[in-house]
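Below, each chain spelled out in residue letters.
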Amino acid sequence: MSQPRALVTGGAGFLGSHLCDALLAEGWSVVVVDNLLTGRRSNLDHLRNAAAFEFVEKDICEPFDVGKVDYVFHFASPASPVDYTIHGIATLKVGSLGTFHALDVARKYGAKYLVSSTSECYGDPLEHPQKETYWGNVNSIGPRSVYDEAKRFTEAVTMAYHRYYKVDTRIVRIFNTYGPLMQLNDGRVVPNFMKQALRGEDLTVYGDGKQTRSFCYVSDEIDGFMRLAKSSEHLPVNIGNPNEFTILECAQLVLKVTGSKSKIRYEPLPQDDPKQRRPDITKARQLLGWEPRIDLETGLLMSLDYFRKAVAEETTAAK
Ligand code: UDP
């Protein structure tokens, strides 16, 4: 049998590039389509000479065709609050038009399909922890709505292609994930705190720091994607680590693993910032036998070298 071929939209992003590595390791050939709006070509540098890897710079908001593929992994979208606030219209377009085009590729070639969705579908959740059956509490006109509603629409289009066109679809709802290859300046809490701690600057805690998130190390997250990709579950599945931390606890852990003497500085809480977030992963456990293995302190330690290098490179570049 010839080598199976996967399309990864958004493959130059943080999660997309880790996914490419996992697919290549399992013997897939991989074609990435990315417009590099928030993704970085350098995330794929190590694959430049890999025979089974291709990169196509293209905006999937226009129809596209990269030839026959067996699997479509649709991961294209700005994903950090800073990125999707700056690129609000592009976020809405890639979640809507881009999703139609990714699904059209899957439909044309009879390919399987998995799309990255998000815990943002639950908004500022009134149910805790969040099960897949919870419909969410989203402000459709607030600053986060460009992402939240784009992803909710992404899910709706995906389910419609499944129901009307029988496309073999899957939806993963991703909770806060961190690790190497995150952009130092994407504004998310882990890169912000790591960067600030390593530079000896104050750690900027928004609000009173009592809001919670549940952080999943990237290798656990990718393992969840790969298991879901092989399953035949069409309804959304939460993939995230259920160990919940306040943002203040997260700041303290970053200070511990970096050995930094930085102080904490409180700044205003952004509008509609969810107060709490923790996945209920009963479904992933039962359906996929998936369990995250890496706790936050260990994962931060495993990310330290990457963040040290990124901070050093940025300092050199600024000189
Ligand atoms: N946050 C913070 N300081 C920062 C960046 C983020 O206190 O420098 C908070 C943010 O307000 C939110 C949490 O950390 O409550 C997670 O933010 P992030 O942007 O990483 O992701 P979100 O889960 O909000 O999409």
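What you see is a predicted model, and the numbers here were worked out from it, not measured in a lab.

1. A closer look at the packing of helix H5 (residues 189–199) against helix H7 (residues 247–258)
Reasoning step 1: H7 packs onto H5 with a crossing angle of 40° between their chain directions and a minimal axis gap of 10 Å. Viewed along their axes, H5 and H7 adopt a mutual orientation that is oblique. Here H5 runs over H7; the crossing is right-handed. Each of Val189, Phe193, Met194, Ala197 and Leu198 in H5 lies in contact with H7, whose residues at this interface are Ile247, Cys250, Ala251, Val254, Leu255 and Thr258.
Reasoning step 2: Partitioned by chemical class, the residues of the contact of H5 with H7 number ten nonpolar, one polar and no charged.

2. Notes on the sheet that holds strand S2 (residues 29–34)
Reasoning step 1: Read across the open sheet, the seven strands follow the order S3-S2-S1-S4-S5-S6-S11; overall the sheet is parallel. Strand pairing shows two members of the sheet lacking a second neighbour, strand S3 (53–57) and strand S11 (237–239), which therefore form its edges. Strand-to-strand twist of the sheet, defined as the mean angle between neighbouring strand axes without regard to direction, takes the value 20°.
Reasoning step 2: Sheet analysis places strand S1 (residues 5–9) next to S2, joined by five bridges and oriented parallel. Bridging from a neighbouring strand, Ala6 pairs with Val30 of S2.
Reasoning step 3: Against the sheet, helix H1 (residues 14–25) engages S1, S2, S3, strand S4 (71–74) and strand S6 (169–174), with an angle of about 170° to S1.

3. Focus on the site of the ligand
Reasoning step 1: Around the ligand, 18 residues are found, and the nearest of them are Thr204, Tyr206, Arg213, Asp273 and Arg277.
Reasoning step 2: Note that an oxygen atom of the ligand is positioned 2.7 Å from one of the side-chain N or O atoms of Arg213.
Reasoning step 3: When the free accessible area of the ligand is taken as 520 Å², the share hidden by the protein chains comes to 95%.
Reasoning step 4: For the shell around the ligand, the elements supplying multiple residues, two or more each, are H5 and strand S8 (203–206).
Reasoning step 5: Tallied by class, residues from the shell around the ligand come to seven nonpolar, five polar and six charged.

4. Observations regarding the nonpolar core
Reasoning step 1: Within the largest apolar cluster, 64 residues are counted, with the highest numbers of intra-cluster contacts made by Leu19, Leu23, Phe73 and Leu300.
Reasoning step 2: Of the residues forming this core, the biggest block, eight residues, is contributed by H7.
Reasoning step 3: Here Leu19 is in contact with Val8, Phe73, Phe75, Ile222, Phe225 and Met226, once residues within four sequence places are set aside.

5. Quick word on the packing of aromatic side chains
Reasoning step 1: What the rule picks out here adds up to twelve aromatic pairs.
Reasoning step 2: The interplanar angle of 10° and the centroid separation of 4.4 Å between the aromatic rings of Tyr84 and Tyr147 together place this pair among those described as stacked. Residue Tyr84 is found in helix H2 (residues 81–86), and its partner Tyr147 is found in helix H4 (residues 145–165); the two are separated by 63 residues along the sequence. For the pair Tyr84 and Tyr147, one class covers both residues: buried.

6. Topic: the environment of Tyr306
Reasoning step 1: Locating Tyr306 in the fold gives a position in helix H9 (residues 296–318).
Reasoning step 2: When the C-alpha positions of Tyr306 and Gly179 are compared, they lie 8.3 Å apart, and in sequence the two are 127 residues distant.
Reasoning step 3: If we skip the residues at most four places from it in the chain, Tyr306 touches Arg40, Pro180, Leu181, Met182 and Gln183.

7. Quick notes on the confidence of the model for the protein chain
Reasoning step 1: On average, residues of the protein chain score 97 in pLDDT, and 100% of them are at 70 or above.
Reasoning step 2: No element of the protein chain has a lower mean pLDDT than H2, at 94, and none a higher one than S4, at 99.

8. So, unusual backbone geometry
Reasoning step 1: With an omega of -10°, the peptide bond running from His128 to Pro129 counts as cis.
Reasoning step 2: Its place among the elements puts Pro129 in the loop between strand S5 (112–118) and H4.
Reasoning step 3: Here the phi dihedral of Lys166 falls at roughly 60°; this positive angle occurs in a residue that is not glycine.
Reasoning step 4: Its identity as a non-glycine residue notwithstanding, Asp272 has a phi of 65°, on the positive side.
Reasoning step 5: Position of Asp272 among the secondary structure elements: in the loop between strand S13 (264–267) and helix H8 (282–288).
Reasoning step 6: Residue Asp272 is classed as partly exposed on the basis of its relative accessible area of 28%.

Calculation rules
- Residues numbered from 1 in each chain as written.
- Predicted model: local features only at pLDDT ≥ 70, side-chain atom pairs only at ≥ 80, totals over all residues.
- Heavy atoms only, no water.
- Axes fitted to C-alpha atoms, helices over the stretch in contact; angles between N-to-C directions.
- Helix = DSSP H or I, 4+ residues; strand = E, 2+ residues; numbered from the N terminus.
- Parallel < 35°, antiparallel > 145°, perpendicular 65-115°, else oblique.
- Left-handed = near helix turned anticlockwise from the far one by under 90°.
- Contact = heavy atoms within 4.5 Å.
- Nonpolar A, V, L, I, M, F, W, Y, C, P; charged D, E, K, R; others polar.
- Pairing = 2+ DSSP bridges.
- Near = heavy atom within 4 Å.
- Polar contact = N/O pair within 3.5 Å; in protein donor to acceptor, adjacent residues only side chain to side chain.
- Areas by Shrake-Rupley, 256 points an atom, 1.4 Å probe, with all protein chains shown as cover.
- Core = buried A, V, L, I, M, F, W, Y, C linked by side-chain atoms within 4.5 Å.
- Buried < 20%, exposed > 50% of the residue type's maximum accessible area, 1.4 Å probe, protein only.
- Phe/Tyr/Trp six-rings, centres within 6.5 Å; stacked < 30°, edge-to-face > 60°.
- pLDDT = per-residue confidence, 0-100.

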